[in-house]
Amino acid sequence: MKIVNIFAEKLYSLAYKEAHNEEYGRCEYDKLIELWTDVSYLYKFAKENDVRNIRKFVNDRLRDAEQIEDLLEELVEENLPLDAYFQQLHNNETGFKLLSLRKGKASKQDGLRMYAIKIDDDCFLVTGGAIKMSLYMKDHRDTKEELRKLEKAKAFLKDNAVMDADSFCEFKKEIDENEYR
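Residues numbered from 1 in each chain as written. Predicted model: local features only at pLDDT ≥ 70, side-chain atom pairs only at ≥ 80, totals over all residues. Heavy atoms only, no water.

**Section: a negative patch on the surface**
Okay, so step 1: Judged by side-chain charge, Glu66, Asp70, Glu73, Glu74, Glu77 and Glu78 come together as a negatively charged surface patch.
Okay, so step 2: Given a relative accessible area of 67%, Glu77 falls into the exposed group. (Patch = residues over 30% accessible without salt bridge, like charges linked within 9 Å, V, L, I, M, F, W, Y side chains within 5 Å. Areas by Shrake-Rupley, 256 points an atom, 1.4 Å probe, with all protein chains shown as cover. Salt bridge = Lys/Arg side-chain N within 4 Å of Asp/Glu carboxyl O. Lys, Arg positive; Asp, Glu negative; His and termini not counted. Charge placed at Lys NZ, Arg CZ, Asp CG, Glu CD. Buried < 20%, exposed > 50% of the residue type's maximum accessible area, 1.4 Å probe, protein only.)

Written out as structure tokens, the structure reads:
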């Protein structure tokens, strides 16, 4: 896994190695924004998931993607906490939980989810995202896969002694240095 800085030491994203080669692909944040604004991808996704009103679905997802991008940029520019976007994944989590799992959504009607791990106050690591097609993550193949990626990334961070923003930045620096050797 590679860690990519998205917004000013507040928002980072993972990049995974591409299947069948040793190169890293684009980071998850960039990949999601690109997919969620690709009309042909959204149309195909809607057909594969038996969406009734494909035109509305596509237009709603395009709107959602724009809202997400605008909201995250605004939060960073105004130096507001990213917690305004990334909410607790599980409602039963209370307070600050070490490396807590988060979901991002711009509004209650938003059909897109960006998943992240909260490293520390106002420091998040995007692990992936999905178009929400079911109430529970376990009930759709895409969100089930995203939950798996969240848990795997959390274990990876714990295995490398990441527990706050300082240890995360130190770990990222170590990864970056090893990549250029």
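**Remarks on helix H3 (residues 54-77)**
Okay, so step 1: Between its first and last C-alpha, H3 extends 35 Å over 24 residues, near the 34 Å set by a 1.5 Å rise per residue.
Okay, so step 2: Of the residues making up H3, those classed as buried are Ile54, Phe57, Val58, Asp60, Arg61, Asp64, Ala65, Ile68, Leu72, Leu75 and Val76.
Okay, so step 3: Positive phi appears at Asn79, one or two residues downstream of H3, with a value of about 55°. (Helix = DSSP H or I, 4+ residues; strand = E, 2+ residues; numbered from the N terminus. Expected span 1.5 Å × (residues − 1).)

**Let's talk about the packing of helix H1 (residues 28-36) against H3**
Okay, so step 1: Across the interface, H1 lies against H3 with an axial gap of 9 Å and an inter-helix angle of 145°. Contact residues: H1 offers Tyr29, Ile33 and Trp36, while H3 offers Arg61, Leu62, Ala65, Ile68, Glu69 and Leu72.
Okay, so step 2: Grouping the amino acids of the contact of H1 with H3 by side-chain chemistry returns seven nonpolar, no polar and two charged. (Axes fitted to C-alpha atoms, helices over the stretch in contact; angles between N-to-C directions. Contact = heavy atoms within 4.5 Å. Nonpolar A, V, L, I, M, F, W, Y, C, P; charged D, E, K, R; others polar.)

**As for the nonpolar core**
Okay, so step 1: One finds Leu11, Tyr29, Trp36, Leu72, Leu82, Phe86 and Met114 to be the most contacted residues of the largest nonpolar core, which totals 30 residues.
Okay, so step 2: Of all elements in the fold, only strand E1 (2-7), strand E2 (11-15), H1, helix H2 (39-48), H3, strand E5 (112-120) and strand E6 (123-131) reach the threshold of two or more residues within this core.
Okay, so step 3: Among the elements that make up this core, the one with the highest residue count is H3 (eight residues).
Okay, so step 4: The residues contacting Leu82, other than those within four sequence positions of it, are Lys10, Leu11, Leu72, Leu75, Val76, Asp122 and Phe124.
Okay, so step 5: Membership of the second largest hydrophobic core comes to 20 residues, among which are Leu14, Leu89, Val162 and Phe168. (Core = buried A, V, L, I, M, F, W, Y, C linked by side-chain atoms within 4.5 Å.)

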